[in-house]
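One letter stands for each residue in the lines below.
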Amino acid sequence: MTEKTYVTGTIEAIFFSNPSNFYKVLLVEIEETNANYDDLEIVVNGTIGDVVEGDAYTFYGQLTQHPKYGEQLQVSQYEKALPTSGAGLIKYFSSDKFPGIGRKTAEKIVETFPENTVDQILEAPEQLDGILSLARKNSFVKRLRENHGMEKILAKLAEYGLPSKVTFQIYELYKDKTLATIEENPYQLVEDVKGVGFKTADGIAKRLGIEADSANRFRAALIHMVNTHSATTGDTYIEAKNLLEQTVELLEESRNREVDPVKVAEAINELIIDGKVQQEGTKIFENSLYFAEDGIRQSLTALTRRHGDQVSEEKLLTVVSEVEKDLGITYDSLQKQAILGAMNEQFFILTGGPGTGKTTIINGFIETYARVHQLDLDPMHYNDDIFPILLAAPTGRASRRMNELTGLPAATIHRHLGLGQDESEEAMGNELSGALLIVDEFSMVDTWLAHKLFQAIPGSMKVLLVGDSDQLPSVGPGQVFADLLKIEALPSIKLDKIFRQGDDSTITDLAHHIKDGHLPTDFTMKKTDRSYFEVGANLVPKMVEQIASAWQKKGNDPFELQVLAPMYKGLAGINAMNVLLQNLFNPLEERLEFNLGELHFREGDKVLHLVNDAQANVFNGDLGKITELIPAKYTESKQDELVMDFDGQELSYPRAEWYKITLAYAMSIHKSQGSEFSTVIVPMVRSYSRMLERNLLYTAITRAKQSLILLGEQQAFAQAVAREGANRQTYLIERFTEISEKSSQPITTELMDKEGDSSADLQKDSSITGAQTFTQKRTDDPISDTQEISLFEDENEVANPTEGLSERAILAGSIDPLIGLTAQDFAIFK
Ligand SMILES: Nc1ncnc2c1ncn2[C@@H]1O[C@H](COP(=O)(O)OP(=O)(O)OP(=O)(O)O)[C@@H](O)[C@H]1O
């Protein structure tokens, strides 16, 4: 085995330290190294805990070559360098680092622990009892631990194979108790630390000799499965039988050992009893999703209990006709109904495809509302008072568009709630203040954010939600907008007549054809605002390049051309197209560029922001431009920095934060939700096959404002149109219906039968309302960008897996009061 590269030396300077992720850049004076490195100093960088200038450490890692600054050591692990000789240790213990320890005492300590002195003391400090008084011993051990404990712990965690980012999180959480906690139950990490999955914990457990049938192991695998199921499918729960089946598979695969399904089923019951997961009938929920769905019901039930504006219909109609006259428009009857509905109700939902008049209604409603309430619509007149109309959208771009279209202030939901960078499920928002809230692009709002938003709405506030339910559902779990539209108690209107006509626009028509499940007969024909090119997957990049090059030659702005594709990988994937478009629109030539893995950043590049940062007012999906590259030697952070312009907002990110951006010449359709572009290129090929779905294609083409270029294989477009959007399994609709009261009862054989029935049979059952579409079988379901590819694995769902289940369970006399699943049941579908 080759020896690890190390450098032992004293820290001369801490150039940079990021407290949020422990990234540091240090200058180290070398005392000893096994690296082929001749200089006396070296720059060391990586994830490093609290280190002290002037102290000696040993850094293990890899020499890397920086194009400008030469060789550096990229650290994977480090430890405090200790004096190794007895004399050195005596000097160290009697130094001012350990007040109260004199030379004599230090000698006694080293005599008592001649080998591995520090480790021995930390492991068995009671052996110091005869040498130091209790108070002195405690303070000595505490200081020793502070100086050496953290590195030791981190080194041990690294040895366990935990990535350095996670090791700091773990240390922050358990501090001194880190190793004891992990050694006692490594599976605790799955519950406590985001980013530690079951297999990692199981790997540690195996090393520690924890048996494959330990109860903790089963619990951790179950929790992992419940969490990852929602993250990868968008469902808000998992059926207990699926949970059991998939968890047993995970457990067996991870250790290559059979496990007893009965014990796993028991572990599900225990988790429910302990409140680690929640149960409704045979459905098992991750806690925060369960409480978010219930919270949505509570908030909306309270909101809809209140009446809207108590204005006579006659008066309202008079005001609406005045608005029509002043705005020079005649609303059709459905549009008028929408305005009246939004006025009369405290909570109202409006949905419709492109060009059906959603923006027109928002504007008409605001005017009507202002006139009825005699509100001044000029925000400038409000000085320090709050403007009473809040306009919100899930993305920065969508909120800016709202502002442009209404002329009123608009912000993201995160900003209204003051959620900052804390995206955790637990973070709650500030209560909103104002009289009226209008939220656009609501189809993008996931279950967690919807809960936070609704909870922040005071009872007196009127609410209008607007969106297009045929678009892709939210990236996060749930399909709140589509679900709310199916709940009869919540008033809503669906606009379906297209008004955008007479301007030769055929994109809107195409969108409506696709929404209705077919391609128009003129799909491949050239129109004034759209064209189609038939090319195979391998020719897609060439074609995109040709189109982009023609676009550029005509003197058009490269930023106005947007490629939207479903997948990152492959020849016709987003990554490959970004490289070719960057080289076309912004070639390197004789300039500086910064590299981050495969990505290259250059001045003038079009970039996409990947996370929400309400404080900095940039959001996931925002587009910007790199305006400057500043090498590390000129920056305060001592790291390379990228300066970017996001819609007039300047941001400067050191290398440690570049994970927040990527190139944006091509982007995923998921990321494009809530944005519009003047010209859009959409490639569709059969190799995207698993991604091809109607709402995906629909979302892509409705992003184009002026011109749309479709290319690829017609068969792939046809396949996308034919496959209806996935229906996520959520419990929101049921929450609003009577059945939710029933479902908390123990499972009966009757319910078990229903659970296994097909949805067609369910609809026939008189006790179940029409709203219960939740039982529809889920097909492939693209959720988040990062998971776009992995999500599309075959599911091999077994038809009617619980057939006969209750009968056999009765025979076995063992229906569990909570779950109702037994080993025998499991055997049916194994
Ligand atoms: N009743 C109407 N009479 C005449 N024109 C109308 C009417 N309603 C809407 N329009 C026009 O139709 C076009 C589309 O309307 P609008 O922008 O409100 O639709 P939208 O649903 O918001 O579309 P998108 O989702 O694409 O933004 C606009 O030019 C608008 O002026």
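The model shown is predicted, which means the values in this text are computed figures rather than measured ones. (Residues numbered from 1 in each chain as written. Predicted model: local features only at pLDDT ≥ 70, side-chain atom pairs only at ≥ 80, totals over all residues. Heavy atoms only, no water.)

**Brief notes about the packing of aromatic side chains**
Applying the stated criterion across every chain, the model contains 26 aromatic pairs. Taking NZ or CZ as reference, Lys-4 lies 5.4 Å from the ring centre of Tyr-60, over its face. (Phe/Tyr/Trp six-rings, centres within 6.5 Å; stacked < 30°, edge-to-face > 60°. Lys NZ or Arg CZ within 6 Å of the ring centre and 35° of its normal.)

**Brief notes about unusual backbone geometry**
A negative phi angle is the norm for most residues apart from glycine, just as the trans form is the norm for most peptide bonds. In the Ramachandran plot, Glu-441 falls in the positive-phi region, its phi being about 55 degrees despite a non-glycine side chain. If you trace the backbone, Glu-441 turns up in the loop between strand S12 (436-439) and helix H18 (447-455). With a phi close to 50 degrees, Asp-647 is a non-glycine residue in the positive phi region. As for its position among the elements, Asp-647 is in the loop between strand S21 (641-646) and strand S22 (649-654). (Helix = DSSP H or I, 4+ residues; strand = E, 2+ residues; numbered from the N terminus.)

**A few points about the sheet that holds strand S6 (residues 237-239)**
Taken together, the 3 strands give an open sheet; going across it, the order is S6-S8-S7, and neighbouring strands pair in antiparallel fashion. Strand pairing shows two members of the sheet lacking a second neighbour, S6 and strand S7 (277-280), which therefore form its edges. Along the sheet, successive strands turn relative to each other by an average axial angle of 30 degrees, direction set aside. Taken together, the 4 bridges between S7 and strand S8 (residues 283-286) define a ladder with antiparallel strand orientation. Looking across to S8, one finds that Glu-280 is bridged to Lys-283. Across the face of the sheet, helix H10 (residues 240-255) comes into contact with S6 and S8 while running at roughly 80 degrees to S6. (Pairing = 2+ DSSP bridges. Axes fitted to C-alpha atoms, helices over the stretch in contact; angles between N-to-C directions. Contact = heavy atoms within 4.5 Å.)

**A few points about the pairing of S21**
Along S21, 5 of the 6 residues are buried, which leaves the element largely enclosed by surrounding structure. Across 5 bridges, the pairing between strand S20 (residues 623-630) and S21 is antiparallel. Within S21, the position partnered with Lys-625 by the bridge is Asp-645. Counted along the chain from S21 to the antiparallel partner S22, the turn is 2 residues long, and its residue Asp-647 has a positive phi close to 50 degrees. (Buried < 20%, exposed > 50% of the residue type's maximum accessible area, 1.4 Å probe, protein only.)

**Some points on the site of the ligand**
Neighbouring the ligand are 14 residues, the closest being Thr-330, Gln-335, Lys-358, Thr-359 and Thr-360. Measuring from a nitrogen atom of the ligand, one finds a backbone N or O atom of Thr-330 at 2.8 Å. Contact between the ligand and Gln-335: a nitrogen atom at 2.8 Å from a side-chain N or O atom of the residue. For the ligand, whose free accessible area comes to 630 Å², the fraction covered by protein is 71%. Broken down by element, the shell around the ligand gets its largest block of residues, 3 residues, from helix H15 (residues 358-372). (Near = heavy atom within 4 Å. Polar contact = N/O pair within 3.5 Å; in protein donor to acceptor, adjacent residues only side chain to side chain. Areas by Shrake-Rupley, 256 points an atom, 1.4 Å probe, with all protein chains shown as cover.)

**Topic: helix H20 (residues 507-515)**
Counting buried positions over the 9 residues of H20 gives 7, a clear majority of the element. Looking only at H20, the buried set comprises Ile-507, Thr-508, Leu-510, Ala-511, His-512, Ile-514 and Lys-515. On its buried face, H20 is in contact with strand S15 (530-534), helix H24 (694-701), strand S26 (704-712) and helix H25 (714-722). Among the residues trailing H20, Gly-517 stands out with phi positive, at a value near 95 degrees.

**Quick look at helix H16 (residues 396-406)**
Listed as buried for H16 are Gly-396, Arg-397, Ala-398, Ser-399, Arg-401, Met-402 and Thr-406. Of the residues one or two after H16, Gly-407 is the one with positive phi, at around 75 degrees.

**Looking at empty space enclosed by the protein**
One way to see where empty space is left: roll a probe the size of a water molecule over the atoms. By the definition in use, this model includes 3 cavities of 30 Å³ or more. Taken as a whole, the largest cavity spans an internal volume of roughly 100 Å³. Lining the largest cavity are 11 residues, with Ser-76, Gln-77, Leu-154, Ala-158 and Thr-167 sitting closest to its centre. Sorting the residues of the lining of the largest cavity by element identifies strand S5 (70-80), helix H4 (134-159) and helix H5 (164-174) as the ones contributing at least two each. The greatest single-element share of the lining of the largest cavity, amounting to 4 residues, is contributed by S5. (1 Å grid on protein atoms, 1.4 Å probe; cavity = no way out; pocket = protein on both sides within 12 Å on 5 of 7 lines; lining within 4 Å. Points joined across faces, edges and corners; volume = space filled by probe spheres on them.)

**A closer look at the UniProt feature "binding site: ATP" (unreviewed entry) in the protein**
Per the UniProt record, the feature "binding site: ATP" (unreviewed entry) sits at Gly-355, Thr-356, Gly-357, Lys-358 and Thr-359. Within the fold, Gly-355 resides in the loop between strand S9 (347-352) and H15. Judged by relative accessible area, which is 14%, Gly-355 ranks as buried. When near neighbours in sequence (up to four residues on either side) are disregarded, Thr-356 contacts Gln-335, Leu-495, Asp-496, Lys-497, Ile-498, Phe-499 and His-512. (UniProt positions renumbered as here; feature names shortened; annotations may be inferred.)

**Concerning the sheet that holds strand S13 (residues 462-467)**
Read from one edge of the open sheet, 6 strands run S11-S10-S12-S13-S9-S14, paired in parallel fashion. With one partner strand each, in any of the chains shown, strand S11 (410-412) and strand S14 (492-495) form the two edges of the open sheet. Averaged over neighbouring strand pairs, the angle between their axes works out to 20 degrees when direction is ignored. Here strand S10 (residues 389-393) pairs with S12 via 4 bridges, running parallel. Its bridge partner lying in S12, Leu-391 is registered against Ile-438.

**Here we look at the pattern of salt bridges**
Once the charged atoms of two side chains with opposite charge are near each other, the side chains can pair. A full pass over the atoms with the stated rule returns 27 salt bridges. Two residues, Arg-401 and Glu-441, come together in a salt bridge whose shortest N-O distance is 3.0 Å. Linking Arg-401 in helix H16 with Glu-441 in the loop between S12 and H18, this pair joins segments that are 40 residues apart in sequence. With relative accessibility at 7%, the residue Glu-441 sits in the buried group. Between Glu-713 and Arg-686 there is a salt bridge, with the nearest N and O atoms lying 3.1 Å from each other. Remark: Arg-686 occurs in the loop between strand S25 (677-684) and H24 and Glu-713 occurs in the loop between S26 and H25; sequence separation between them is 27 residues. When its relative accessible area of 10% is taken as the criterion, Glu-713 is described as buried. (Salt bridge = Lys/Arg side-chain N within 4 Å of Asp/Glu carboxyl O.)

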